[in-house]
Amino acid sequence: MKTSATQFPAAMSFAGVNAFAARNLQLLSAIENTLDALDSDIKIIVGIDASYEELRQRLESNDAVIDPDRRIESNLVKASDACSRIYHDAQQRHVSACSDPLLNPDDGVADAYESFMDAIRHLHDTVEDLREWVATHDAVLEPSTSAVFSNADDLFESLMSAK
């Protein structure tokens, strides 16, 4: 007779019952540890996200170029890429949680991974919004050549002569 993690077999020895119970306790402990870790990670991610949003709000009143050497942009690209990698890893773990025969939907592991992925996705979007905002802000403050070109050939000629 095949049993799952939550089914108790009708006929089992005392040693078998103890082994079954110990295994179930280990599974429940692993589930609890996973849920606790994901909850902690979500709180950290939400805090980081709030910090990026606060930074943007503070920068909005700035009327000077923020990132002339593009180091901030480079770091924001790295942060965005890290979010993408973390999200991809969480997707794989979510798929594993959904297909694990020892886990039930009521265990909450798949839902916890969905919440984690939502938090990472939001952080990624916040980082990208900040990166684009800084780049646009700085581009608007770039000095203009005040040159007006009547056609593309004149534009290209001006660009080539500037080198």
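Refer to the structure printed above.
Read on for a plain summary of the structure. From a predicted model like this one, the values you see are computed outputs, not experimental measurements.

Quick notes on the rules
Residues numbered from 1 in each chain as written. Predicted model: local features only at pLDDT ≥ 70, side-chain atom pairs only at ≥ 80, totals over all residues. Heavy atoms only, no water. Salt bridge = Lys/Arg side-chain N within 4 Å of Asp/Glu carboxyl O. Helix = DSSP H or I, 4+ residues; strand = E, 2+ residues; numbered from the N terminus. Buried < 20%, exposed > 50% of the residue type's maximum accessible area, 1.4 Å probe, protein only. Patch = residues over 30% accessible without salt bridge, like charges linked within 9 Å, V, L, I, M, F, W, Y side chains within 5 Å. Areas by Shrake-Rupley, 256 points an atom, 1.4 Å probe, with all protein chains shown as cover. Contact = heavy atoms within 4.5 Å. Polar contact = N/O pair within 3.5 Å; in protein donor to acceptor, adjacent residues only side chain to side chain. Core = buried A, V, L, I, M, F, W, Y, C linked by side-chain atoms within 4.5 Å.

Attention now moves to the pattern of salt bridges. All chains considered together, the criterion is met by ten salt bridges. Two residues, Glu 54 and Arg 58, come together in a salt bridge whose shortest N-O distance is 2.8 Å. Here the residue Glu 54 and the residue Arg 58 both occupy positions in helix H1 (residues 14–59), the gap between them amounting to four residues, near one helical turn. A salt bridge links Arg 56 to Glu 60; the shortest N-O distance between them is 3.3 Å. A residue is classified by how much of its surface remains accessible, and Arg 56, at 26% relative accessible area, is partly exposed. By relative accessible area, Glu 60 is classed as partly exposed at 44%.

A cluster of nonpolar side chains, namely Phe 149, Leu 155, Phe 156 and Leu 159, defines an oily patch on the protein surface of about 360 Å² accessible area. In this fold, Phe 156 is placed in helix H4 (residues 152–161).

Among the secondary structure elements, His 137 is positioned in helix H3 (residues 109–141). Look past the residues within four positions of His 137 in its chain and what remains in contact with it is Asn 62, Asp 63, Ala 64 and Ile 66.

All right, on to H4 then. Little of H4 is tucked away, with zero of its ten residues classed as buried. N-capping of H4 is provided by Asn 151, with a side-chain oxygen placed 3.1 Å from the backbone N of Asp 153.

What follows concerns the environment of Glu 128. Residue position: Glu 128 is located in helix H3. Overall, the relative accessible area of 17% leaves Glu 128 in the buried class. As a C-alpha pair, Glu 128 and Glu 73 span 55 residues in sequence and 9.7 Å in three-dimensional space.

The next subject is the nonpolar core. Among the nonpolar cores identified, the biggest contains 25 residues, and Ile 45, Leu 59, Leu 103, Val 109, Phe 116 and Val 134 are the most heavily contacted of them. Listed by contribution, the elements that provide at least two residues to this core are H1, helix H2 (71–99) and H3. Looking at this core element by element, the count peaks at twelve residues for H3. Ignoring sequence-local partners within four residues, the contact set of Val 109 consists of Ile 31, Thr 34, Leu 35, Ala 97 and Leu 103.

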